[in-house]
Amino acid sequence: MSRLHSTKTFVMSTHLIAAALLLALAGNASAKGDAVAGAAKAKPCTACHGTDGNANQDQQYPRLAGQYADYIAQALQEYKNGERGNAIMKGMAAPLSHQDIDDIAAYFASQPGKLHDLSHMKK
Amino acid sequence: MNLALMFAITATLAVASTSASAKGDPVEGKKLVYTCTGCHGIDGYKNAYPNYHVPRLGGQNEQYLVNALTAYKKGERAHPTMRAQAESFSDKDIANIAAYLSSIGTEGEK
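Cut-off values and rules
Residues numbered from 1 in each chain as written. Chains lettered and ligands numbered in written order. Predicted model: local features only at pLDDT ≥ 70, side-chain atom pairs only at ≥ 80, totals over all residues. Helix = DSSP H or I, 4+ residues; strand = E, 2+ residues; numbered from the N terminus. Buried ≥ 20, exposed ≤ 12 C-beta atoms within 10 Å, placed from the backbone. Contact = placed C-beta atoms within 7 Å. Expected span 1.5 Å × (residues − 1). Axes fitted to C-alpha atoms, helices over the stretch in contact; angles between N-to-C directions. Parallel < 35°, antiparallel > 145°, perpendicular 65-115°, else oblique. Left-handed = near helix turned anticlockwise from the far one by under 90°. Nonpolar A, V, L, I, M, F, W, Y, C, P; charged D, E, K, R; others polar. Core = buried A, V, L, I, M, F, W, Y, C linked by C-beta atoms within 7 Å. Arc of directions from axis to C-beta.

(A) How the structure looks around the overall build of chain B. Secondary structure summary: chain B contains 6 helices and 2 strands in total. Secondary structure elements of chain B, listed N to C terminal, follow the sequence α-α-α-β-β-α-α-α. Taking all 110 residues of chain B together, the buried fraction comes to 28%. Pairs at least 24 residues apart make up 67% of the contacts formed inside chain B by residues separated by at least 6 positions.

(B) Expanded view of the environment of A:His49. Residues and elements named next belong to chain A. Tracing the backbone shows His49 in helix α3 (residues 46–49). Between the C-alpha atom of His49 and that of Gln59, which follows or precedes it by 10 residues, the distance is 9.7 Å. Sequence-distant contacts of His49, that is, excluding residues within four places in its chain, are made with Ala55, Tyr61 and Leu64.

(C) Structural context of helix α6 (residues 98–110) of chain A. For α6(A), with 13 residues, the first-to-last C-alpha span of 18 Å sits near the 18 Å given by 1.5 Å per residue. Among all positions in α6(A), only A:Ile101, A:Asp102, A:Asp103, A:Ile104, A:Ala105, A:Ala106, A:Tyr107, A:Phe108 and A:Ala109 are buried.

(D) Region of interest: the packing of helix α4 (residues 69–81) of chain A against α6(A). Residue and element names in this part refer to chain A. Where α4 meets α6, the axes come as close as 8 Å, and the angle between the chain directions of the two elements is 135°. The orientation of α4 relative to α6 falls into the category oblique. By crossing handedness, the relation of α4 to α6 is classed as right-handed. Each of Ala69, Ile72, Ala73, Leu76 and Gln77 in α4 lies in contact with α6, whose residues at this interface are Ile101, Asp102, Ala105, Ala106, Phe108 and Ala109. Residue composition of the contact of α4 with α6, by class: 9 nonpolar, 1 polar and 1 charged.

(E) How the structure looks around the nonpolar core. Ranked by size, the top nonpolar core spans 20 residues in total, and within it A:Ala69, A:Ile72, A:Leu76, A:Ile104, A:Ala105, A:Phe108 and A:Ala109 carry the most contacts. Elements with a minimum of two residues in this core: α4 and α6 of chain A. In terms of residue count, the dominant contributor to this core is α6(A) (7 residues). Here A:Ala109 is in contact with A:Gly66, A:Gln67, A:Tyr68, A:Ala69 and A:Ile72, once residues within four sequence places are set aside. Formed by 17 residues, the second largest nonpolar core is a distinct cluster that contains B:Leu57, B:Leu65, B:Ala95 and B:Ala99.

(F) Main features of the interface of chain B and chain A. Each partner contributes to the interface: chain B provides 28 residues, whereas chain A provides 24 residues. Elements with a minimum of two residues in the side of chain B that touches chain A: α3 (37–40), β2 (52–53) and α4 (62–74) of chain B. Ranked by residues supplied to the side of chain B that touches chain A, first place goes to α4(B) with 4 residues. By residue class, the composition of the side of chain B that touches chain A is 10 nonpolar, 12 polar and 6 charged.

(G) Seen up close, unusual backbone geometry. With an omega of -5°, the peptide bond running from B:Tyr49 to B:Pro50 counts as cis. Turning to its location among the elements, B:Pro50 is positioned in the loop between β1 (46–47) and β2. A positive phi is found at A:Ala55, a non-glycine position, where the angle reads about 40°. Within the secondary structure, A:Ala55 is located in the loop between α3 and α4. Despite not being glycine, B:Tyr49 has its phi angle at roughly 50°, a positive value.

(H) Inspection of α4(B) at higher detail. Residues and elements named next belong to chain B. Taking 1.5 Å as the rise per residue, α4 with 13 residues should run 18 Å; its terminal C-alpha atoms sit 18 Å apart, in good agreement. Every buried residue of α4 is listed here: Glu62, Leu65, Val66, Ala68, Leu69, Tyr72 and Lys73. What you see down the axis of α4 is that its buried residues fit within an arc of 165°, all on one side. Elements in contact with the buried residues of α4: α5 (80–87) and α6 (91–103). One or two residues past the end of α4 sits Gly75, with phi positive at roughly 85°.

Just distances and angles here, no functional claims.
As structure tokens, this is what we get:
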């Protein structure tokens with residue numbers, strides 16, 4: 001009886017730890033970039049990517065609205081450090097700090113858009 | 001009359017196939033995209049080292065997708081897995097993949 005009880009307590013505390021870890025991770029992700037600050041910093045981007053990041057005007061530019069924030073941030077870092085070679089984006093990303101990049105990424109990720117993953121193909 | 005009809009059909013087919021190859025054929029693209037779903041078809045799937053979500057591709061702009069895949073193919077983008085994938089594609093494959101990915105709506109299959 002007491003062994004059963006301690007097993008139950010153990011399982012419950014494992015669940016609690018898992019939940020706390022998830023919360024910490026989620027908090028961390030949202031704390032990274034500030035979408036409101038990003039809106040102001042993203043002004044130069046909107047000329048090509050659209051005010052809401054949907055890039056409806058010109059098909060050569062990617063839609064950013066609704067893209068994962070950490071992917072947008074990764075792409076900007078790669079343009080900045082040369083892992084992606086694109087003359088326009090290198091120039092745009094060069095003056096941005098880590099915080100600027102995270103804020104801009106948070107802004108575009110928060111905008112409603114048409115992007116979605118391909119999980120429908122696996123069903 | 002039969003000859004004229006046949007000529008008309010042949011001409012229409014020729015025009016249709018020419019425009020498809022220039023712009024990319026979503027039906028052909030769909031056959032190639034199954035490989036992509038290994039990473040891009042899992043909601044929330046993350047790249048490792050560095051750790052970030054692989055991008056959402058459904059509904060992305062067609063010409064951008066062509067540019068991005070071509071950049072991986074030419075080595076202008078460094079990601080090793082994407083370079084390996086893109087190197088195996090012809091320009092026509094890339095156009096077809098871009099045509100399919102850009103054509104799918106938010107509810108998935110159109």
